[in-house]
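One letter stands for each residue in the lines below.
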Amino acid sequence: MRIDILTLFPEMFEGPLSESIIKQAREKGLLDVRLTNIRDFATDKHRTADDYQYGGGSGMVMKPEPIFEALEHVRRASGGAHEAGVGDTGLADGGEATILLSPRGTLLDHALASELARKSRLVLICGHYKGVDERVASTVTHEVSIGDYVLTGGEFAAMVMIDAVVRFVPGVLGDIESAETDSFFGGILGPPSYTRPESFRGMDVPDVLVSGHHEMIRRWRRKQALKATLDRRPELLERASLTDEDLELLREIEEEANTI
Ligand code: ADE
């Protein structure tokens, strides 16, 4: 997958893109990230990328011309990643998405992250200041928010989005199980997990997890995942696809709650 990031602050990405799983994905050739400084496409002598907003009001707005120019530049420079075979993961549908990060966008969730992971190329536009000129929205395929709060800029949102999307690209997570037991896989929260030591400050690992009984462990995990979802995010259960076993486990959870 190739990801082009259009931003006024390319240095902000250096750390996050050079550590851990993203770093490994880049080293394995599964991910090709390129940064483009929008300011390089501002043509006046002060390289102005923002301006006052029409109609008055506080806050500067990012101008459309440098963003359009930067977009056209990266689109022209397209082919590179595909020719090198980057993104040819077997899952990619070869499509492209151009995404404006904005608090006015649709909310990023598991489904959107996995949909975007099928693209062979993403172009992310990071807004800053009060936002970007609305005419930029006419040239994007998606406008995406990472949550109902306002960030100082789209850069942090782009990093979150890249992290969430890249995890779904085949080969990025070593063990396919890691994605399948995540929260939101199948629409519900994940189960709790424990590691050594078995007993810590008076808190013990649940017996079932050290029983070696795989079927009991699977059922326990599923029940704990359903219980956590019911307690913390009940609205997710309304949309989740639940099996007959899930409904039985939910009945057990309800009965146990009634007997306390
Ligand atoms: N830019 C500022 N706030 C944002 C948010 N919540 N999501 C995406 N981009 C943003």
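All chains use their own residue numbering, which begins from 1 and follows the written sequence. For this predicted model, a pLDDT threshold of at least 70 governs which residues receive local features, and a threshold of 80 or more governs which side-chain atom pairs are given and counted, while totals over whole chains, interfaces and linings are taken from all residues. With hydrogens and water set aside, each side-chain value is computed from the structure's full complement of heavy atoms.

(A) Representation of the site of the ligand. Residues are counted as near a molecule or strand when any one of their heavy atoms sits within 4 Å of it. Near the ligand lie 13 residues; those nearest to it are S102, I146, G147, Y149 and L151. The backbone of S102 places a nitrogen or oxygen atom 3.2 Å from a nitrogen atom of the ligand. The definition of a polar contact used here is a pair of N or O atoms within 3.5 Å, where within protein one atom must be able to donate a hydrogen and the other to accept one, and adjacent residues in sequence count solely through side-chain atom pairs. The separation between a nitrogen atom of the ligand and a polar main-chain atom of G147 is 3.1 Å. Against a free-state accessible area of 260 Å², the protein chains account for coverage of 96% of the ligand. Secondary structure counts use DSSP, requiring at least four H or I residues in a row for a helix and at least two E residues in a row for a strand, with both numbered from the N terminus. For the shell around the ligand, the secondary structure elements donating two or more residues are β5 (96-107), β7 (142-145) and α6 (154-166). Among the elements that make up the shell around the ligand, the one with the highest residue count is β5 (three residues). What sets the accessible areas is the Shrake-Rupley method with a 1.4 Å probe; for residues, cover comes only from the shown protein chains.

(B) How the structure looks around the environment of S145. Along the polypeptide, S145 turns up in strand β7. With relative accessibility at 2%, the residue S145 sits in the buried group. Each C-alpha atom of the pair S145 and S241 lies 25 Å from the other, and the pair is 96 residues apart in sequence. Throughout, a contact is declared for two residues whenever any of their heavy atoms are within 4.5 Å. Setting aside its immediate chain neighbours within four residues, S145 contacts S102, P103, G105, T106, L107 and L108. The classification of residues rests on relative accessible area computed with a 1.4 Å probe and restricted to protein chains. Under 20% of the type maximum is buried, over 50% is exposed, and intermediate values are partly exposed.

(C) Region of the structure containing the confidence of the model for the protein. The pLDDT value tells you how sure the predictor is about a given residue, anywhere from 0 up to 100. Averaged over every residue, the pLDDT of the protein is 93; residues scoring 70 or more account for 94%. Counting contacts from residues 80-89, a segment whose pLDDT is below 50, to residues more than four positions away or on other chains yields 18 contacts.

(D) Highlighting the nonpolar core. Ranked by size, the top nonpolar core spans 32 residues in total, and within it I3, I99, L122, L124 and M161 carry the most contacts. Secondary-structure elements contributing two or more residues to this core are β1 (2-7), α2 (20-27), β5, α5 (110-116), β6 (121-126) and α6. In terms of residues, this core owes the most to one element, α6, which gives seven residues. When neighbours within four sequence positions are excluded, L124 is seen to be in contact with I3, D4, I5, L6, I99, L101, A158, M161 and I162. To define a nonpolar core, start from buried Ala, Val, Leu, Ile, Met, Phe, Trp, Tyr and Cys residues and group those joined through side-chain atoms within 4.5 Å. Counting residues in hydrophobic clusters, the runner-up holds 16 residues, among them I67, A70, L71 and L100.

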